[in-house]
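Each chain, written out:
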Amino acid sequence: MKKPIFFDAALLTVLVFIFIFLVSVLFPIKLKVFHPIKDAFSDFDYTDFYFSKLKKEAEVSSDIFIVNIGHLSRAEIAHQLEVVKSGNPKVIGLDAIFYEKKDQFSDSLLGKAIKSCSNLVGISKIDSTGIVESFPELASSMSGYGNFYGDEKPEKVIRYFSLYQLVSKHTPNSFGRVIAQLYDTSTNSILRQNGRSKMKINYRHSSSFITISSYDLFDPNFDANMFQDKIVLMGYTGLPGNSTDMEDQHFTPMNSKIAGKSLPDMKGIYIHGCIIQSLIDRTYIRNASIIWEILLTVLLTFLTAWLIIYYYVHKPRWFHLMSKMVQLFAGVIFLFISIWIMDVYHVKINFTLLFVTLVLCADLVYFYDPFAKWLHKKNWFHSEIMKH
């Protein structure tokens, strides 16, 4: 590598980042003509492409069973609990909040069933008032909040969950974390080493979980032994034959439409299943350190700048073709590299800034040209641009 090109590449890299700073901070562009595009892609993440189009179908979970509680009465849910309990599962998760009392008979049956399950984890939610749980008679001894990042807005895509949150000087754990730790106590130390609360959900299709329909458990011949030492999640998976049922339905990266999504695609109970499965399998997705992301972006931008200046000065006939190829293919290549890293190592690297710098490198060289020549004339350094 020639030394002048090294300095030229370094200065062009600095110019790229200064330009991005000026545009994004000092001169924000707010044009109404771009609003439709902004709205379509405002809730887009490049990893959605991986989950929607590239992720391989996961094997059917051998750890988690899902039981549909449908719109059953409290007495019927109590009966379901008794059947599930008879199968000796390791953990039972009940994704339902009972806000108020109903008739004394059904409340009594459900309360008795809940209290009899020492391994039952109930669910709560966090709102502006604090933690909301079932009323005391139907509250379980263990619980975790079921909130996802973005679930306060129905149109948002659910990509993240938190292991714990700070609520009124308390740090309750999430529904998924409580269940995973009861099922496999070693997950607690692993998650503590991770040191982060916010985590990206490693999705799988809902078909990868064995789902028991609402009334299957009422069959006298139902074999509950399949639940032995497993996790049984009880929640709402929909009503038979109702494909338009939107109750507890969320947008996820598994949606067949990556941008401008049509209908929500996954029930909350299956999202909890994905979270729990990834925690016990150690396949949860970690975000790369922002420091490493910045260093990697600067390094790759510098190498791109060096290549562009080399062609600009020494091979001008090929410069335009090469620069367009960099803009077109480099972003795609790094996109698939980041997807491969996430698939194999379960680490997400945010290359968004890198995509922008790669595009700008080729165009900003025209602004860098007169600037470098001016610096050269001032005898501040010898620029390779003078040979252009």
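Everything that follows concerns the structure shown earlier in this document.
The notes below deal with the structure included here.

What counts, and at which threshold
- Residues numbered from 1 in each chain as written.
- Predicted model: local features only at pLDDT ≥ 70, side-chain atom pairs only at ≥ 80, totals over all residues.
- Heavy atoms only, no water.
- Helix = DSSP H or I, 4+ residues; strand = E, 2+ residues; numbered from the N terminus.
- Buried < 20%, exposed > 50% of the residue type's maximum accessible area, 1.4 Å probe, protein only.
- Contact = heavy atoms within 4.5 Å.
- Phe/Tyr/Trp six-rings, centres within 6.5 Å; stacked < 30°, edge-to-face > 60°.
- Lys NZ or Arg CZ within 6 Å of the ring centre and 35° of its normal.
- Patch = residues over 30% accessible without salt bridge, like charges linked within 9 Å, V, L, I, M, F, W, Y side chains within 5 Å.
- Areas by Shrake-Rupley, 256 points an atom, 1.4 Å probe, with all protein chains shown as cover.
- Salt bridge = Lys/Arg side-chain N within 4 Å of Asp/Glu carboxyl O.
- Polar contact = N/O pair within 3.5 Å; in protein donor to acceptor, adjacent residues only side chain to side chain.
- Pairing = 2+ DSSP bridges.

Concerning the overall build of the protein
Thought 1: Of the regular secondary structure elements, the protein holds 11 helices and 13 strands.
Thought 2: Taken over 388 residues, the protein has a buried fraction of 48%.
Thought 3: Counting only contacts in the protein whose residues sit at least 6 apart along the sequence, the fraction spanning at least 24 positions is 76%.

A closer look at the packing of aromatic side chains
Thought 1: Evaluation of the coordinates by the stated rule reveals 18 aromatic pairs.
Thought 2: Ring geometry for F51 and Y203: centres 6.1 Å apart, planes at 85 degrees, overall edge-to-face. In this pair, F51 is assigned in helix α3 (residues 47-54) and Y203 in the loop between β7 (198-200) and β8 (210-212), connecting sequence segments 152 residues apart.
Thought 3: Residue Y203 is classed as buried on the basis of its relative accessible area of 0%.
Thought 4: Following the ring pairs from residue to residue traces out a cluster consisting of F6, F7 and F302.
Thought 5: The side chain of K198 reaches across the aromatic face of Y160, ending 4.5 Å from its centre.
Thought 6: Residue placement shows R204 over the ring face of F209; its charged tip is 5.6 Å from the ring centre.

Considerations on a nonpolar patch on the surface
Thought 1: Taken together, W318, L321, M325, L328, F329, I333 and I337 make up a surface patch of nonpolar side chains, about 700 Å² in accessible area.
Thought 2: Along the chain, F329 turns up in helix α10 (residues 316-345).
Thought 3: On the accessibility criterion, F329 (43% relative accessible area) is partly exposed.

What to know about unusual backbone geometry
The phi torsion of most residues other than glycine is negative, and most of the peptide bonds are trans.
Thought 1: A positive phi angle, near 55 degrees, is found at N88, a position not held by glycine.
Thought 2: Position of N88 relative to the elements: it lies in the loop between α4 (74-86) and β2 (91-94).
Thought 3: By relative accessible area, N88 is classed as partly exposed at 45%.
Thought 4: Located in the positive-phi region is R282, a residue other than glycine, with phi close to 60 degrees.
Thought 5: Turning to its location among the elements, R282 is positioned in the loop between α8 (268-281) and β12 (286-287).

Considerations on the side chain of S278
Thought 1: Considering the arrangement of structural elements, one finds S278 in helix α8.
Thought 2: Overall, the relative accessible area of 2% leaves S278 in the buried class.
Thought 3: In terms of polar contacts, S278 uses its side chain to reach the backbone carbonyl oxygen of I275, at 2.8 Å.

Overview of the pairing of strand β9 (residues 231-235)
Each regular strand shows side chains that alternate between the opposite faces of the sheet.
Thought 1: In terms of burial, β9 is a largely internal element, 5 of the 5 residues being buried.
Thought 2: The alternating pattern of β9 places I231, L233 and G235 on one face and V232 and M234 on the opposite face, and all of these are buried.
Thought 3: Pairing analysis gives 5 bridges linking strand β1 (residues 64-68) to β9, with the strands arranged parallel. Bridge assignment links I66 to a residue of β9, and that residue is L233.
Thought 4: The sheet contact formed by β2 and β9 spans 4 bridges and is parallel. Residue I92 lies in a different strand from β9, and its bridge partner there is V232.

Observations concerning the side chain of T301
Thought 1: Along the chain, T301 falls in helix α9 (residues 290-314).
Thought 2: Judged by its relative accessible area of 0%, T301 is buried.
Thought 3: Within the local environment of T301, its side chain forms a polar contact with the backbone oxygen of T297, the two atoms lying 2.6 Å apart.
Thought 4: Ignoring sequence-local partners within four residues, the contact set of T301 consists of T13, F17, L354, T357 and C361.

Describing the pattern of salt bridges
Thought 1: Under the criterion given, the structure shown has 6 salt bridges.
Thought 2: Among the ionic pairs, R159 bridges to D48, the shortest N-O distance being 2.7 Å. Of the two residues, R159 sits in the loop between β5 (142-145) and β6 (160-162) while D48 sits in helix α3, which places them 111 residues apart along the sequence. Here the two residues R159 and D48 agree in accessibility, since each one is buried.
Thought 3: In this structure, R282 engages D184 in a salt bridge whose closest nitrogen and oxygen atoms are separated by 3.4 Å. Here the residue R282 occupies a position in the loop between α8 and β12, and D184 occupies one in the loop between α6 (175-183) and α7 (186-194), the gap between them amounting to 98 residues.

Observations concerning the pairing of strand β3 (residues 120-127)
Thought 1: Counting buried positions over the 8 residues of β3 gives 6, a clear majority of the element.
Thought 2: As defined by bridge partners, β2 adjoins β3 across 2 bridges and the pair is classed as parallel. In the strand pairing of β3, I92 is matched with L120.
Thought 3: Sheet topology places β3 next to β5; 4 bridges connect them, and they run parallel. Pairing of S124 across the sheet is with Y145, part of β5.
Thought 4: Counted between consecutive antiparallel strands, the loop separating β3 from strand β4 (residues 130-132) contains 2 residues.

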